[in-house]
Amino acid sequence: MFVVCHMLASLDGKIDGAFFGAPETAPALHAYGELRGFYHCQATLYGTTTMLGGYADGLAPALPSQGTFPAQEDWVNPEGREVGNFIVSVDPKGELGFSSHLLERKGRPAAHVIEALTRQASPAYLSYLRERGISYLFVGEGRLDCALLMQKLEALFGIDRLMVAGGGIVNWSFLQENLIDELSLVVAPVADGGAGVSIFEGADFLPPHGPVAFSLQEAKPFTGNGLWLRYTAVKG
């Protein structure tokens, strides 16, 4: 499977913050959206925080603790699989709320939601997802197993090109497992200076990992003083 991490960042490496609202960022935002099509990925993957920020319908409601629930096994909605366009939602504990198995956001084509869960997700949450036709995969005990997720996406959905698009922790999770083939970075000509998340962020629950080097493949300026950088990770 080919995996590209495609991100928009400020000059100081932030992927969220006030710089998104600056008029000087607008050309970079446009370029970022246009360049998504360059990679022809069938699926885009987002972390829990990113999903909450603009894709999920908030958090799931309170769910019953007793009842008849599905077993903790992968479940694929055949109708959703036929859509052929997917949003992979990394949701280890099973917390996100949805009204439908299809998401239509930011003028993009409808995409079927695939929830990437760990064994922390409750049985009641599985029922909640099935009622909405949302496919789900178990890909770890307590934290995301990125390699296992990739295997299941390819085997069960035929996905062979995946775009990883934040946040910083999920980006780093893939990178430290040597699973990112290319970094596509659109740089807006704006510095933020805030406390926003960076392109890659470690976390206490992730195993320690040293710095990862990249090799520059291409650099292209575009209208509005922004820059598109394409890197490949130097895999040891």
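Residues numbered from 1 in each chain as written. Predicted model: local features only at pLDDT ≥ 70, side-chain atom pairs only at ≥ 80, totals over all residues. Heavy atoms only, no water.

### Here's the deal with the packing of aromatic side chains
Considering all chains together, one arrives at twelve aromatic pairs under this definition. Residues Phe-38 and Tyr-39 carry aromatic rings whose centres are separated by 4.9 Å and whose planes lie at 85 degrees to one another, so their mutual orientation is edge-to-face. Seen from the ring of Phe-138, Arg-119 lies directly overhead, with NZ or CZ sitting 4.6 Å from the centre. (Phe/Tyr/Trp six-rings, centres within 6.5 Å; stacked < 30°, edge-to-face > 60°. Lys NZ or Arg CZ within 6 Å of the ring centre and 35° of its normal.)

### A short note on the nonpolar core
Grouped together as the largest cluster of nonpolar side chains are 37 residues, with contacts concentrated most on Leu-45, Leu-144, Leu-149, Leu-153, Leu-162 and Phe-174. Ranked by residue count, the leading element in this core is helix α5 (residues 146-157), at five residues. Each residue touching Phe-174, except ones within four places of it in the same chain, is listed here: Val-3, Leu-45, Leu-144, Cys-146, Leu-149, Met-150, Leu-162, Val-164, Leu-179 and Ile-180. Membership of the second largest hydrophobic core comes to 35 residues, among which are Phe-19, Phe-98, Leu-126 and Ala-188. (Core = buried A, V, L, I, M, F, W, Y, C linked by side-chain atoms within 4.5 Å. Buried < 20%, exposed > 50% of the residue type's maximum accessible area, 1.4 Å probe, protein only. Helix = DSSP H or I, 4+ residues; strand = E, 2+ residues; numbered from the N terminus. Contact = heavy atoms within 4.5 Å.)

### A few points about the environment of Ala-121
Inspection of the secondary structure assignment puts Ala-121 in the loop between β5 (111-117) and α4 (123-131). For the pair Ala-121 and Ser-10, spaced 111 residues apart in sequence, the C-alpha to C-alpha distance is 35 Å.

### Brief notes about the state of the cysteines
A covalent bond between the sulfur atoms of two cysteines is what we call a disulfide. Scanning the model with the defined rule gives zero disulfides in all. Cys-146 carries a free sulfur, and the closest cysteine sulfur to it, the one in Cys-5, is 11 Å from it. (Disulfide = S-S within 2.5 Å.)

### Description of the layout of surface pockets
Within this model, the largest pocket holds a volume of roughly 960 Å³. Taken together, 39 residues make up the lining of the largest pocket; nearest its centre are Gly-47, Thr-49, Thr-50, Gly-166 and Gly-167. Listed by contribution, the elements that provide at least two residues to the lining of the largest pocket are β1 (2-9), α1 (26-36), α2 (48-54) and α6 (168-176). At five residues, α2 tops the list of elements feeding residues into the lining of the largest pocket. Residues of the lining of the largest pocket, tallied by class, amount to 17 nonpolar, 13 polar and nine charged. In this model, the second largest pocket occupies a volume close to 310 Å³. Looking at the second largest pocket, it is lined by 19 residues, and the ones nearest its centre are Arg-36, Thr-44, Asn-85, Arg-108 and Pro-109. (1 Å grid on protein atoms, 1.4 Å probe; cavity = no way out; pocket = protein on both sides within 12 Å on 5 of 7 lines; lining within 4 Å. Points joined across faces, edges and corners; volume = space filled by probe spheres on them. Nonpolar A, V, L, I, M, F, W, Y, C, P; charged D, E, K, R; others polar.)

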